[in-house]
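Examining the three-dimensional arrangement
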Amino acid sequence: NAKVTTPKEVQELGEYLLYIHYQALSYASPLNNVSMPGASTTVEWVVRDFIEDVEENPTIYKGLPLRTEFRAFVDFDTKEVIGIDNYWRPDLMEKRFSKKNQRDAGDKHDYITYMVNKDKLIKDFENNKDLVVNELLKLVDECNLTGQYSVDIMKNGNDFYIIDMALASESALKDCVPTGKLKSQNSIMLS
């Protein structure tokens, strides 16, 4: 349950996290047919406030509001945004939801929901990407980060929220960064 709201769920949260960690360890095990490292390599968890959807967007992935999102690539050393892409990029989403990847009714629902809303997502992205870049550039000077990161921004009505960050070199959609701009980075560096 990604959204914890009741006192009972708060009490059960530790059990949820333990189960997720156990499952990830099972996938990463050398005894598994295909070892899948990832979430099991950390014991860190992020808990954040749930941002209620003011636009009443439809949902995919069993409850995730399908909101306009941006993935920007920021170089904190050169103080510039080196790329920006639509988080719900049509070519990738259509591949993800293709018939061969539809395993159940949930996948079919997600495909239909995405296709019905694709044009709105593209239009919102195009209409707001310059605003997002300009606002990020204002933040870059205030940050004490070094290196390159992908920064995920979610639109909610007229508000925009930074919802996630990761190393740029390890992020999906990095092909929007011009050749030669993306550097390899092995760890987070705070100054």
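Below, the structure is looked at part by part. (Residues numbered from 1 in each chain as written. Predicted model: local features only at pLDDT ≥ 70, side-chain atom pairs only at ≥ 80, totals over all residues. Heavy atoms only, no water.)

As for the pairing of strand 6 (residues 148-156)
Within strand 6, nine of the nine residues are buried, leaving the element largely enclosed by the surrounding structure. With burial as the criterion, each face of strand 6 is covered, one bearing Gln-148, Ser-150, Asp-152, Met-154 and Asn-156 and the other bearing Tyr-149, Val-151, Ile-153 and Lys-155. Where strand 6 meets strand 7 (residues 159-167), eight bridges bridge the pair, whose relative direction is antiparallel. By the bridge assignment, Lys-155 is partnered in strand 7 with Phe-160. Remark: two residues form the turn of the hairpin made by strand 6 and strand 7, two consecutive strands paired antiparallel; Gly-157 in that turn has positive phi of roughly 70°. (Buried < 20%, exposed > 50% of the residue type's maximum accessible area, 1.4 Å probe, protein only. Helix = DSSP H or I, 4+ residues; strand = E, 2+ residues; numbered from the N terminus. Pairing = 2+ DSSP bridges.)

Describing the nonpolar core
Core analysis: the biggest nonpolar cluster contains 16 residues, and Val-74, Ile-84, Leu-136 and Ile-153 have the highest contact counts within it. Only strand 3 (69-75), strand 4 (80-86), helix 3 (105-140) and strand 6 provide two or more residues apiece to this core. Take this core: its biggest share by element is five residues, from helix 3. Non-local contacts of Leu-136, meaning those with residues more than four positions away in its chain, are made with Ala-72, Val-74, Val-81, Val-151, Ile-153 and Ile-162. (Core = buried A, V, L, I, M, F, W, Y, C linked by side-chain atoms within 4.5 Å. Contact = heavy atoms within 4.5 Å.)

Observations concerning the pairing of strand 3
Counted residue by residue, strand 3 has seven buried out of seven residues, so it is predominantly covered. Of the two faces of strand 3, the one carrying Glu-69, Arg-71, Phe-73 and Asp-75 and the one carrying Phe-70, Ala-72 and Val-74 are both buried. Pairing of strand 3 with strand 6 involves seven bridges; the strand directions are antiparallel. From the neighbouring strand, Phe-73 faces strand 6, where its bridge partner is Ser-150. Of the pairings in the sheet, the one linking strand 3 to strand 4 comprises six bridges and is antiparallel in character.

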